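# Results of the structural survey
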Amino acid sequence: MTADVRVAAVVAMDEDRVIGKAGGLPWHIPEDLAHFRNLTKGHIVVMGRKTWESLPEKFRPLPGRTNVVVSRDLARLALPDGVVGVDSPEEAVRVAKTIARDDQCVWIIGGAELYRATLPLCSEVHLTVVDGSHEGDAYLPPFEDAFTKLSETRGELCSFRVYGRLSS
């Protein structure tokens, strides 16, 4: 482990900060899914139990990545071999940093509770802003006051933004 392993969040939200609906995404945007895959492939992904359970069976665990799942009730969660289960967001980041190779990033991939707990630990946020408003029940907590926008690229149905943490 390297002390300076990068911890970053990757998340898609709509113009009203909606990130989820009934345990899934309220949209299907192939360019965003490809963006997510390209960012996280070969790295470590940290997700909450609800996010884990929302993944289609054939993509569980997410291939080509080390999967870390956070759950308050690990005994209830049947994780396959190779998936790391931990009982707190802080423990997830600590464990992920411990197992990371020098070239790996720890990606926080959701959901809302996990973002709320780990955004203070992130040096970057890779945010997809989906055009329009969608019905949802999970929202991204505000983070922008602690970050600055570094870049923005326009896609067909969304924008891809990268934010870096402001120095204290």
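Structural notes, computed from the coordinates. (Residues numbered from 1 in each chain as written. Predicted model: local features only at pLDDT ≥ 70, side-chain atom pairs only at ≥ 80, totals over all residues. Heavy atoms only, no water.)

### Examining the side chain of Arg-65
Our working definition: Secondary structure elements are defined from DSSP: runs of H or I of at least 4 residues count as helices, runs of E of at least 2 residues count as strands, and each element is numbered from the N terminus. Each residue's exposure class comes from its accessible area (1.4 Å probe, protein chains only) as a fraction of the maximum for that residue type: buried when under 20%, exposed when over 50%, partly exposed otherwise. Positive: Lys, Arg. Negative: Asp, Glu. His and the chain ends are not part of the count. Salt bridge criterion: a side-chain nitrogen from Lys or Arg within 4 Å of a carboxyl oxygen from Asp or Glu. Counting of polar contacts relies on pairs of N or O atoms within 3.5 Å, with two restrictions inside protein: one atom must be capable of donating a hydrogen and the other of accepting it, and residues adjacent in sequence are counted only when both atoms are side-chain atoms. When checking whether two residues touch, look at their non-hydrogen atoms; a contact exists if any pair is within 4.5 Å.
Positionally, Arg-65 belongs in the loop between α2 (49-54) and β4 (66-70). Here Arg-65 occupies a buried position and makes no salt bridge, while the nearest side chain of opposite charge, Asp-32, is found at 12 Å. At 2.7 Å, the side chain of Arg-65 and the side chain of Thr-40 are in polar contact. There is a polar contact of 2.5 Å between the side chain of Arg-65 and the backbone oxygen of Pro-63. With residues near it in sequence (within four places) discarded, Arg-65 still touches Arg-37, Thr-40, Lys-41, Gly-42, His-43 and Val-45.

### Observations regarding the packing of aromatic side chains
Counted only if it meets this: Ring pairs shown here join Phe, Tyr and Trp side chains whose ring centres sit within 6.5 Å, with only the six-membered ring taken for Trp; geometry is labelled stacked below 30 degrees between planes, edge-to-face above 60, and tilted in between.
The full count for this structure, using the stated rule, is two aromatic pairs. Plain terms: the ring middles of Phe-143 and Phe-147 are 5.5 Å apart, the flat faces sit at 80° to each other, and that makes the pair edge-to-face. In this structure, Phe-143 and Phe-147 share a single accessibility class: buried. Centroid distance Phe-143 to Tyr-163: 5.1 Å. Interplanar angle 90°. Geometry classified as edge-to-face. On the criterion of sequence distance, the pair formed by Phe-143 in the loop between β8 (138-139) and β9 (147-154) and Tyr-163 in strand β10 (residues 158-165) is long-range, its members being 20 residues apart. Overall, the relative accessible area of 6% leaves Phe-143 in the buried class. Judged by its relative accessible area of 7%, Tyr-163 falls in the buried class. Ring pairing ties together the aromatic residues Phe-143, Phe-147 and Tyr-163, which thus form one cluster.

By themselves, these observations are geometric and do not establish any function.
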